[in-house]
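One letter stands for each residue in the lines below.
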Amino acid sequence: MEPQNWLPLLLQLGLMWPPRAQPEPQLTIFVVPHSHMDVGWLHTVQENMQAYVTSVYNSVVEELTLEKKRRFIAVEQEYFRLWWDGVASDRQKGQVHQLVAEGRLEFVLGGQVMHDEAVTHIDDQILQLTEGHGFLYETFGVRPQISWQVDPFGASSTTPTLFALAGFNAHVISRIDYNLKEAMQDNRQLQFVWRGSRSLSAQREIFTHVLDQFGYCSAGPPNAPLSLSEGFNWDGEAIFPGTSLEDMYLQMQTPVTEDSITNFTILLVNNVFTRATWFRTPHVLWPWGCDRQFFNASLQFANMDILMDYINSHTLEFNLSMEYATLGDYFRAVHSDQVAWQVRDHRDFLPYSSDMHHAWTGFYASRSGLKALARRASSLLYAGESMFTRYVLLAPHPYLDLAWGLQQLQQLRWAVSEVQHHDAITGTHVPNVGDMFVEHLSTGMQGVHKLMASIIQDRSPAHSGPEPGGHFAVVYNPLAWTVTTIITLTVEFPKVSITDESGLPVPAQAQRSKEMPSAYDLHVLTTIPGLSYRHYSIRPSRSSQEETGEPEPFVAITTQFGGRLRRYGGQVGGSLVPVENGCYIVFMDLDTNLMHSVWERQSNRKVYMTQQFMEYHANSDVWQGPVSDNYVFTPSGTAEPAWEAVRMEIVEGPLVTEIQQYFYREVNDSEPTFTIYSRLARGSQGSDGVLLCHHIEQEYRVGPLELNREAILRTSTKLNTGRVLYSDNNGYQMQRRPYRNYKNNTIARNYYPMVQSAFIQDRRSRLVLLSNQAHGVSSQRNGQVEVMLHRRLMNNNPGNIAVDLTLNDTSVVHPVFWLLLGSRALISGLRQRSGLALQHRPIVMLRKMNEITPRGSGSRQQEAVTLPPSVHLQILSIPGWKYSSNHTEHLQTLQKGHEAKADLRRVLLRLQHLYEVDQDPVLSRPVTVNLQSVLRGLGSVVSVEERSLTGTWDVSEMRRWTWSSQDPHGHRGNSSRPSPPPGGPEVTIYPKEIRTFFIHFQE
Ligand SMILES: [Zn+2]
């Protein structure tokens, strides 16, 4: 747009010079330069590096070095590290060190990415933050203290707790429900003290700032057309290969000149005065930048310098001053104002609607396959970390290069961190960027599989030589509790003898494999102590059982029930077939082939419960009304049954009985579109077997879907729930979700993310759903809970088609759920541990016997690691960090420019209390753990240091800012007593606490 066009536009918009009746305190505008750099969205990381990221850091460092007053905040560490390691010259590195030391370049958030908050698991959030923080501390000795979560689609209340634990002083969010943001602006409540955890309450509160309606982009004229809605960016648009030449210069901004400066000034001053009315202090946070900005920082700063000098030379006239600032500068100013802030409790900001037509609840289930892979990778990493740690501590280890081992883990840490980005695990990226995430995860997983195989090979007991056709299985339990479970080994033959490490036969059951029709799944009942291995030999039986007397696995018996058409009424429940274990009897209805009811033995209650697959239909024509897409869910109506016929088989055996229901979209379809495999396990009744007995495992197959369908599994019960649903924040805590009526979009706005668990209940019983990946969840009717499992969408929105941002996902997904039903007291105690048991199943490594060449170091003494039932081993790893635990010492090393070596003897241990203060009479109690005795199996503990969440602070030196609040004493949970840092090996962990330690073991 030409300069002379500004004024008519402004007049047209009715913009006037702000009226100022009485003298107000002078405003300070904190102009915070930043560039929002998605770690994969429309382009891959590599494409972004080439098109603009490299230029952002090159030119920003140059421009900051030229002029003292300039500032910049750096956010996504994955990009910064790629630039630092692969691009930056020594001279640039020196300049960055200087800028960071002077506080002119500030790292905020400090994670590898700006993680999504709705569908990510807390462990992965901590990982990605730890990865970035470790690098920043190692390289610069700095620790980020302000968050910048400005683009994730809704805000979870796990985040404030984590950032408080990481030592942050302020938390910035932006995308919250539009109604709420409007109300908060009007009432000047965009800033508050957030107590994100019900149990930790004031102890882990954090000052929180919600960006106003302009979000993180520098504002253009209010109500301006989209092309003008981002103002004050003079470097135009980053050019990617394939950008059409006509588009290239459209976004070029008018330079600030004598002719145009008045107009820029009017725009800016108007904007600032509008915003100032929404805040309680005379400091205005003015984010300057947007997506992919500052790749030509020289143009940016050259223009803004002129504008800023001009405004500052008229400070009295405008009653405001402007300065370049970091977020730290802004929050220090706000903090010094001594305002008593409002307190917000543990409720989150989910779901997020950007306006009355756009409920951002579709992404909870977009790219379901990637969501599953991300969590499988995370679980594999979790197991790999503790396996490697055990291995390293058990010196000597002559056959494995430890640096290589660490490298395999680091590669997967990086990939799992990357996929937490708010356009990655959310499924809101284009297909070729999705391929990149998958490739990074798969490569990382292969590396860790290799590492595991090497560790196993080094540790395996010598056994009786190669035996053709036989198998050798090593099973590792990554949890720090004894686990009783059923593992599945796929072998070529059903007649086998299976023995454990002592040569004793073990209970097993064989059935035809679902994946490979010519093979057999061998279900084996196993009990494995915490962080320990079991070894099994599987040999083909040479002769029948009668001759040898050796027990063989029972071959499961299959009963077929034929097909049933979907019914529109009539007789049901007349003929039931029971499937049972020690805890449940599941009744299947032979009139319908659907579930009829579940009898729970302990509470002696039968709950009517049925399940079916349904679909929401979506509009495909943007000219005909709102559409569903990667982000938003906008169904055309209520869900409809997605099948016409269902066939059932029951495969019964002594260990597991499996109900197989195949749902056909059309009566004559040859392949089912939906399948449920429901499994009931029978194991020991001892305390270790409780979790095994008390769940019904369900594995679903869903897809390929028809176009513009969003598939759900709806479970309908006769529980009187009042349409209240509970769903989790990031697997950390539960939120109560009462059903709400809205003017628009009521179905979609009653959808919530489910990362690990959800439940419904009445006075007597609770039904919990646990999952091993993220989904969307809702309760649309009394007694119902529905999970969105898969989406396939395509519409004619020209903008989305132009960038290939569609969701034509033709895959078949196979999520796994555990259903827990029982009295509220019982199920409340089991939920968290069951969720972890589902997430972190034993790792099974199966090899042909002749592939194994034991290296003869033999079966070393291994001692189990067992934590109390309410404490979870959140991580046990060797980070390989190069910094000293002593901050002063570390800074001295950095000053000398010495490159320290990776410390392989420093073990990172994180423990989490799983229960809320009032959740369970026994499990909610504080727990005292003697680390020396608990970790005895790993070696002899020499010292224990307590650290901040991401390891960078010694907690005894960490001082967070305190904020005065309007509720200084209220609602402090029972656990608000700060836990003293450990003087010795004994630590007490209060409900919901997460405590992080460095443990040093004797060499
Ligand atoms: Zn973004």
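Here the structure is a predicted model, which means the values were calculated and not measured. (Residues numbered from 1 in each chain as written. Predicted model: local features only at pLDDT ≥ 70, side-chain atom pairs only at ≥ 80, totals over all residues. Heavy atoms only, no water.)

(A) Fine view of the overall build of the protein chain. For the protein chain, the helix and strand inventory stands at 22 helices and 44 strands. Taken over the C-alpha trace, the protein chain has a radius of gyration of 30 Å; the compact-globule value for 1003 residues is 30 Å, and the two agree within 12%. Overall size of the protein chain, expressed as C-alpha extent along the three principal axes, is 100 × 70 × 60 Å. Relative to its 1003 residues, the protein chain shows a buried fraction of 63%. In the protein chain, the share of contacts with a sequence separation of at least 24, taken over all contacts with a separation of at least 6, comes to 77%. For the protein chain, the accessible area works out to roughly 37100 Å², and carbon and sulfur atoms hold 50% of it. If you average the places of the 85 positive and of the 100 negative side-chain charges in the protein chain, the two averages end up 7 Å apart. (Helix = DSSP H or I, 4+ residues; strand = E, 2+ residues; numbered from the N terminus. Rg over C-alpha atoms; globule rule 2.2 N^0.38 Å. Buried < 20%, exposed > 50% of the residue type's maximum accessible area, 1.4 Å probe, protein only. Contact = heavy atoms within 4.5 Å. Areas by Shrake-Rupley, 256 points an atom, 1.4 Å probe, with all protein chains shown as cover. Lys, Arg positive; Asp, Glu negative; His and termini not counted. Charge placed at Lys NZ, Arg CZ, Asp CG, Glu CD.)

(B) Highlighting unusual backbone geometry. In this structure, the amide linkage connecting L350 to the following residue, P351, adopts the cis form with an omega of -5 degrees. One can find P351 in the loop between strand 9 (343-344) and strand 10 (353-355). Cis rather than trans, the peptide bond between G703 and P704 has omega equal to -10 degrees. Within the secondary structure, P704 is located in the loop between strand 28 (696-702) and strand 29 (709-717). Non-glycine residue R188 carries a positive phi angle of around 50 degrees.

(C) How the structure looks around the pairing of strand 5 (residues 191-194). Residues Q191 and V193 line one face of strand 5 and the alternating positions F192 and W194 line the opposite face, and both faces are buried. Across 4 bridges, the pairing between strand 5 and strand 6 (residues 206-210) is antiparallel. Each residue of the ladder has a partner; that of W194, found in strand 6, is I206. As defined by bridge partners, strand 5 adjoins strand 9 across 2 bridges and the pair is classed as parallel. Across the sheet, W194 pairs through a bridge with R344, a residue of strand 9. (Pairing = 2+ DSSP bridges.)

(D) Up close: the pattern of salt bridges. For the structure shown, the criterion picks out 39 salt bridges. D309 is the partner of K69 in a salt bridge, and the nearest nitrogen-oxygen pair spans 3.2 Å. Of this pair, K69 sits in the loop between helix 2 (45-66) and strand 2 (72-74) while D309 sits in helix 10 (residues 297-312); the two residues are 240 residues apart in sequence, bridging distant segments of the chain. Here K69 falls in the partly exposed class, since its relative accessible area comes to 29%. (Salt bridge = Lys/Arg side-chain N within 4 Å of Asp/Glu carboxyl O.)

(E) Molecular detail of the packing of aromatic side chains. Taken as a whole, this structure holds 52 aromatic pairs when the rule is applied. Centroid distance F232 to W234: 6.2 Å. Interplanar angle 75 degrees. Geometry classified as edge-to-face. With respect to class, F232 is no different from W234; both count as buried. Site record: aromatic cluster; members linked through ring pairs are F72, F232, W234, F264, W286, W288, F294, F301 and Y324. Taking the ring centre of F349 as reference, the NZ or CZ of R344 above it sits at 3.8 Å. (Phe/Tyr/Trp six-rings, centres within 6.5 Å; stacked < 30°, edge-to-face > 60°. Lys NZ or Arg CZ within 6 Å of the ring centre and 35° of its normal.)

(F) Molecular detail of the packing of helix 9 (residues 261-276) against helix 10. Interhelical geometry of helix 9 versus helix 10 gives an angle of 75 degrees and a closest axis separation of 10 Å. When the axis of helix 9 is compared with that of helix 10, the two are roughly perpendicular. Within the contact between the two elements, helix 9 uses I261, F264, T265, L268 and V269 and helix 10 uses I306, L307, Y310 and I311. For the contact of helix 9 with helix 10, the per-class residue count stands at 8 nonpolar, 1 polar and no charged. (Axes fitted to C-alpha atoms, helices over the stretch in contact; angles between N-to-C directions. Parallel < 35°, antiparallel > 145°, perpendicular 65-115°, else oblique. Nonpolar A, V, L, I, M, F, W, Y, C, P; charged D, E, K, R; others polar.)

(G) Examining the environment of L914 more closely. Position of L914 relative to the elements: it lies in the loop between strand 40 (906-913) and strand 41 (927-930). Residues L914 and F349 lie 565 residues apart in sequence; the distance between their C-alpha atoms is 23 Å. Excluding residues that lie within four positions of it along the chain, L914 makes contacts with W481, Q832, R833, L836, P869, S870, H872, Q919 and K992.

(H) Expanded view of the side chain of R143. With respect to the element layout, R143 can be found in the loop between helix 5 (122-140) and helix 6 (158-165). It turns out R143 is buried and unbridged, and the closest side chain with the opposite charge, E957, is 5.3 Å from it. A distance of 3.0 Å separates a polar side-chain atom of R143 from the backbone oxygen of T952. Sequence-distant contacts of R143, defined by excluding residues within four places in its chain, comprise Y137, H887, T952 and W953. (Polar contact = N/O pair within 3.5 Å; in protein donor to acceptor, adjacent residues only side chain to side chain.)

(I) Expanded view of the coordination of the zinc ion. Coordination sphere of the zinc ion, protein contribution only: H36 (NE2), D38 (OD), D151 (OD) and H422 (NE2), at 2.0 to 2.1 Å. In primary sequence terms, the donor set of the zinc ion follows H-x1-D-x112-D-x270-H. You can see H36 sitting in strand 1 (residues 27-36) and its partner H422 sitting in the loop between helix 14 (402-418) and helix 15 (431-459), a full 386 residues away along the chain. Of the two residues, H36 and H422, neither departs from the other in class, the shared state being buried. (Donors = N, O, S within 2.8 Å, 3.2 Å for Na, K, Ca; no water.)

(J) Just the sheet that holds strand 13 (residues 483-491), in detail. Strand order in the open sheet made by the 4 strands is 13-16-15-18, with mixed pairing throughout. Strands at the two margins of the open sheet, each flanked by one partner only, are strand 13 and strand 18 (554-555). Bridging between strand 15 (residues 508-512) and strand 18 involves 2 bridges; their strand directions are parallel. In the sheet register, Q509 faces strand 18, and the bridge partner there is F554.

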